[in-house]
Amino acid sequence: MSSDYIMPVGFRKIPRADAKYALSDNGTVWNLKTKKPLKQQWNGYRSYTTIKDPEGRQFRFDPSTIDDPKYTPFTRDWVLNVDKAKIIPEYPDYAVSHYGAVYRITPKNTGPRAGEVFMIKQHTKNGFPYVRLRLDNNKRKFVRSDLLTERIWGGESTLS
């Protein structure tokens, strides 16, 4: 199917993306099928364009990251064996490291991080660090990450 789309001079193929998407030399993502540029959005930190992979799943592509070294996402093996994180008994989809990093080790089926193992974003409420974890019944719950780390790791915790 990629032979159906002719890559214009100066355009580049986008990694992970369907063959109909290309990046121009000025950082604009183009749909080669419609021969039109795609809309860029701003999330408060950087510009991105929403495109699809060959299987039809949407993802956000930041044109400034195309020349970065190959992105290698976390793996469950790395989180548990290299980082030595421990699985949280009440939340078996998550693990916590001795320094307080909380990871989702069972990949989600949908959403922007579908199929990936990733670190959970930490929020501050009333001066305390919290993470939002998803329960088995799909409800979300805020949990204090400092107390969680202390409970799982005890005296081995390096979180101060």
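As a starting point, this report considers the structure included with it. The structure displayed is predicted, hence computed values, not measured ones. (Residues numbered from 1 in each chain as written. Predicted model: local features only at pLDDT ≥ 70, side-chain atom pairs only at ≥ 80, totals over all residues. Heavy atoms only, no water.)

**Quick word on the packing of aromatic side chains**
The condition is simple: Aromatic pairing here means that ring centres of Phe, Tyr or Trp (its six-membered ring) are within 6.5 Å. Orientation follows from the plane angle: under 30 degrees is stacked, over 60 is edge-to-face, and everything else is tilted. Each helix is a run of H or I in the DSSP string that is no shorter than four residues. Each strand is a run of E no shorter than two, and both are numbered from the N terminus. Any residue under 20% of the maximum accessible area for its type is buried, any over 50% is exposed, and the rest in between are partly exposed; the area is computed with a 1.4 Å probe on protein chains only.
According to the stated counting rule, one finds five aromatic pairs in the structure shown. Relative to Tyr103, the ring of Phe74 has its centre 5.3 Å away and its plane inclined at 80 degrees; by these criteria the two rings are edge-to-face. Of this pair, Phe74 sits in the loop between strand S7 (58-61) and helix H1 (76-82) while Tyr103 is found in strand S10 (residues 102-104), placing the two residues 29 residues apart along the sequence. Judged by its relative accessible area of 31%, Phe74 is partly exposed. Its relative accessible area of 1% is what places Tyr103 among the buried residues. Ring plane angle 80 degrees and centroid distance 6.5 Å describe the contact between Trp78 and Tyr103, whose orientation is recorded as edge-to-face. Pair noted here: Trp78 is in helix H1 and Tyr103 is in strand S10, with a separation of 25 residues, a long-range link. Relative accessible area serves as the criterion here: at 33%, Trp78 is assigned to the partly exposed category.

**A short note on the pairing of strand S9 (residues 91-96)**
Applied cut-off: When DSSP finds at least two bridges between two strands, those strands are taken to pair.
Sheet analysis places strand S8 (residues 86-88) next to S9, joined by three bridges and oriented antiparallel. Bridging from a neighbouring strand, Lys86 pairs with Val96 of S9. Where S9 hands over to S10, the hairpin turn is made up of five residues, of which Gly100 adopts a positive phi near 100 degrees.

**As for the sheet that holds strand S4 (residues 36-37)**
Taken together, the four strands give an open sheet; going across it, the order is S1-S2-S3-S4, and neighbouring strands pair in antiparallel fashion. Every interior strand has two partners, whereas the edge strands, strand S1 (12-13) and S4, have only one. The pairing of strand S3 (residues 29-31) with S4 spans two bridges and is antiparallel. Bridged to Asn31 within S4 is Lys36.

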